[in-house]
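Here's the letter readout for the chains.
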Amino acid sequence: MDSFPKNALGMVNKMAETAAEAPDKAIAFQGAPGANSHLAAMEYAPDCLPLPCFSFEDALDAVKQGKAGSAIIPIENSLHGRVADIHFLLPESGLHIVAEHFMRIRHCLMAKSVDAEIRTAMSHPQALGQCRHYLRARNIIPVAYADTAAAAAYVAQSDDPHAAAIAPALSAQIYGLQPIAEAIEDEDHNMTRFVILAAQASAPAAGGPDNLPLMTTLVFEVKNIPAALYKAMGGFATNGVNMTKLESYQEGGSFAASKFYADIEGAPGDPPVDRALAELEFHCNEVRLLGTYRQARRRGTDA
């Protein structure tokens, strides 16, 4: 907690105390009060008790230690791609993905005075990347910080009149800053996908009011032999299992074997999925399922 700016600590401690009274209702998130993940938690579960955590690891640990019933973690953005380190943290956490949530992201440039000449803008690297054209066009230097709202808190307590923060507009109200410009993201379709993680796996049923399909997220490491990935993917094609996401990443300082993060439609227990996973395992050193949950929005559509 002490890693937060001093002017955010009071609110952080109060929210932590409230969450401790009913940890099952608490949703841990990375960032200071007012961060996008805070807004996402409230949007996903309006009656939850949001629990601010300084890092992603802290948010995941809060669930493992029983301080929160779940954690909400951003994993990808429509403009800036994958959130760094998430592919490593999710498998290591031992937690299960039980739901997903999509949230439209709107960034606000804020400073101590509307009349100041803005020279630097501080924010989370994802937010800076989502506003890079705006910043470059105005010769504003991006400065990375732990999260958006904490950047706003830091600017509010700093003595630099030329420093600004990029954060949700709510952060300006919380920390006493002045909005300079709103909706400065480079595209108006700026959307972040969050996953909700819990200690126990969910067992969602197919169908539901929106008839949205189930999604299963997994990570796997193919054998280091020619055409291993091609053969591993063949089981999904021949069994008609739709793979909506596939990303590679390296782990352990080695370039010898790639790991992959994937989302597929369906769930273990569905015969086509079981057959595809069995074929995948044959061509892999490791396959690990991270969770099965209902899609929050149907893939392949903007709806």
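Everything that follows concerns the structure shown earlier in this document.
My aim in this report is to walk through the structure given alongside it, one point at a time. (Residues numbered from 1 in each chain as written. Predicted model: local features only at pLDDT ≥ 70, side-chain atom pairs only at ≥ 80, totals over all residues. Heavy atoms only, no water.)

## Some details on the pattern of salt bridges
Now for step 1: Summed over all chains, the structure comprises 12 salt bridges.
Now for step 2: With a shortest N-O distance of 3.2 Å, E247 and R82 are connected by a salt bridge. In this pair, E247 sits in strand β13 (residues 243–249) while R82 sits in strand β4 (residues 81–82), placing the two residues 165 residues apart along the sequence.
Now for step 3: We note a salt bridge from R193 to E100, for which the minimum N-O separation is 2.9 Å. With R193 in strand β11 (residues 191–198) and E100 in strand β5 (residues 96–104), this pair connects stretches of sequence that are 93 residues apart.
Now for step 4: Using a relative accessible area of 4% as the deciding quantity, one classes E100 as buried.
Now for step 5: When salt bridges that share partners are traced, they join E76, R82, E100, R193, K245, E247, D263 and R299 into one network. (Salt bridge = Lys/Arg side-chain N within 4 Å of Asp/Glu carboxyl O. Helix = DSSP H or I, 4+ residues; strand = E, 2+ residues; numbered from the N terminus. Buried < 20%, exposed > 50% of the residue type's maximum accessible area, 1.4 Å probe, protein only.)

## A few points about the sheet that holds strand β6 (residues 108–111)
Note: strands within a sheet are paired through backbone hydrogen bonds, in either parallel or antiparallel orientation.
Now for step 1: Overall, mixed pairing links the 5 strands, which are arranged β8-β7-β9-β6-β10 in an open sheet. Of all the strands in the sheet, just β8 (141–144) and β10 (178–182) have a single pairing partner and so form its edges. Going across the sheet, the axis of each strand differs from the next one's by a mean of 30°, ignoring polarity.
Now for step 2: Direction of pairing for β6 relative to strand β9 (residues 163–167): antiparallel, over a ladder of 4 bridges. By the bridge assignment, A111 is partnered in β9 with A164.
Now for step 3: Docked against the sheet, helix α7 (residues 148–157) engages β6, β7 (120–123) and β9, running at close to 155° with respect to β9. (Pairing = 2+ DSSP bridges. Axes fitted to C-alpha atoms, helices over the stretch in contact; angles between N-to-C directions. Contact = heavy atoms within 4.5 Å.)

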